[in-house]
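Descriptive structure summary
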Amino acid sequence: MTDRPLIILQVGFPSESIREVHGDIPSWFCRAIQHPLEKTEVVRVFEGEALPPPDANRVAVITGSWAMVTDKLPWSEAAAEWIRDAMAIGMSLFGVCYGHQLMAHALGGEVIWHPDGREVGSQAISLHPHASNDMLLSTLPREFPAHLTHMQTVSRLPEGALALASSSHDQHQIVRYGPNAMSTQFHPEFTPEIASAMINQREEALTEEGFDPQALLSGVLPSPEATELLRRFVHQAFNRAVPEQDGLAQSA
């Protein structure tokens, strides 16, 4: 098995002021997953870096972005094609925010600007009744807080995909695409501090859109359940990967 089983497909870059305090996006994910950054392959897809061949013995996380899926930028469409190829071999994939929308788009769903505008801050995520049948969700509370910041939404799921949770604003907060593929509209990698930094950075725009930034900041909550979902998905994928011996894949 590769010594870098985790791939982070980075599709965006936080502002310099946020990076100076909180680091770059891959470090947020590695902290949440509890996996060393030095044992992670980070591919800056948005800068045109080449994607590695899909590998069923690895797991890929597709991050959030400041771009929009509906713009169908060349790097984004290339990543969508890679997602289709990875799904075809059963590779483990977890998409977050832009990554969530990109997975839906890549697999035949639809992404649009949300008709009710932005969803931001700590919001309640409600599991659907059938989520109790999903091994990763069965032990989570029926409702838990998560950090959100997005303006586009998955308006139609790909064929065969299943919505497992919603918020009052967005009906597709957790989506299962298959046994090895899942995505979340919310950000399981955010800490309360990162979520607050995102609100502060957008204070002027949020005010113009009718939000009260101070109320949003006061409402920021820890989101351990959201982080646990990401961490459990990735570590389950690590355990499922087939080790290699003498160049041949052997059953564990």
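Residues numbered from 1 in each chain as written. Predicted model: local features only at pLDDT ≥ 70, side-chain atom pairs only at ≥ 80, totals over all residues. Heavy atoms only, no water.

Focus: the overall build of the protein chain
- Per the secondary structure count, the protein chain includes 8 helices and 13 strands.
- By the compact-globule yardstick of 18 Å for 252 residues, the protein chain fits well, its C-alpha radius of gyration being 17 Å.
- With respect to the three principal axes, the spread of C-alpha positions in the protein chain is 60 × 40 × 30 Å.
- In the protein chain, buried positions account for 54% of the 252 residues.
- Looking at the protein chain alone, contacts between residues at least 24 apart form 73% of all its contacts between residues at least 6 apart.
- By element, 51% of the accessible surface of the protein chain is carried by carbon and sulfur atoms, the whole surface being about 11000 Å².
- Within the protein chain, one finds 16 positive and 31 negative side-chain charges whose respective centroids are separated by 5 Å. (Helix = DSSP H or I, 4+ residues; strand = E, 2+ residues; numbered from the N terminus. Rg over C-alpha atoms; globule rule 2.2 N^0.38 Å. Buried < 20%, exposed > 50% of the residue type's maximum accessible area, 1.4 Å probe, protein only. Contact = heavy atoms within 4.5 Å. Areas by Shrake-Rupley, 256 points an atom, 1.4 Å probe, with all protein chains shown as cover. Lys, Arg positive; Asp, Glu negative; His and termini not counted. Charge placed at Lys NZ, Arg CZ, Asp CG, Glu CD.)

Comments concerning the UniProt feature "domain: Glutamine amidotransferase" (unreviewed entry) in the protein chain
- Residues annotated by UniProt as "domain: Glutamine amidotransferase" (unreviewed entry) correspond here to residues 76–195.
- End-to-end, the C-alpha atoms of residues 76–195 are 25 Å apart, and along that stretch the chain is 22% helix and 38% strand. (UniProt positions renumbered as here; feature names shortened; annotations may be inferred.)

Quick notes on the environment of I62
- On the secondary structure map, I62 appears in strand 3 (residues 59–62).
- On the basis of relative accessibility, which here comes to 0%, the residue I62 falls in the buried class.
- Sequence-wise, I62 and V43 are 19 residues apart; in three dimensions their C-alpha atoms are separated by 9.9 Å.

Looking at the sheet that holds strand 2 (residues 40–44)
- Read from one edge to the other, the open sheet built from 9 strands follows the order 2-1-3-4-11-10-9-6-7, with strand pairing classed as mixed. In this open sheet, the two strands that pair with only one neighbour each are strand 2 and strand 7 (143–150). The sheet shows a mean angle of 25° between the axes of neighbouring strands, direction not considered.
- Pairing geometry for strand 6 (residues 119–127) and strand 9 (residues 162–166), over 2 bridges, is antiparallel. Across the sheet, the residue bridging to S126 is S166, located in strand 9.
- Across the face of the sheet, helix 4 (residues 98–106) comes into contact with strand 3, strand 4 (92–96), strand 7, strand 10 (174–178) and strand 11 (181–184) while running at roughly 120° to strand 4. (Pairing = 2+ DSSP bridges. Axes fitted to C-alpha atoms, helices over the stretch in contact; angles between N-to-C directions.)

So, the pairing of strand 11
- Where burial is concerned, the two faces of strand 11 agree: the one with A181 and S183 and the one with M182 and T184 are both buried.
- Where strand 4 and strand 11 come together, 4 bridges link them in parallel fashion. When the sheet's bridge partners are listed, F94 is paired in strand 11 with M182.
- Note: strand 10 against strand 11, 4 bridges, orientation antiparallel. Bridge pairing links G178 to A181 in strand 11.
- From the end of strand 10 to the start of strand 11, which pair antiparallel, there are 2 residues.

Here's the deal with the pattern of salt bridges
- All chains considered together, the criterion is met by 6 salt bridges.
- One salt bridge connects E41 with R58, and the closest N-O pair in it is separated by 2.8 Å. In this pair, E41 is assigned in strand 2 and R58 in the loop between strand 2 and strand 3, connecting sequence segments 17 residues apart. Exposure class is identical for E41 and R58. Each is buried.
- One salt bridge connects D134 with R176, and the closest N-O pair in it is separated by 3.0 Å. Of this pair, D134 sits in the loop between strand 6 and strand 7 while R176 sits in strand 10, and the two are 42 residues apart along the sequence. R176 matches D134 in its accessibility class, with the two residues each being buried.
- In the salt-bridge network here, residues are joined through shared partners; they are D24, R44 and E47. (Salt bridge = Lys/Arg side-chain N within 4 Å of Asp/Glu carboxyl O.)

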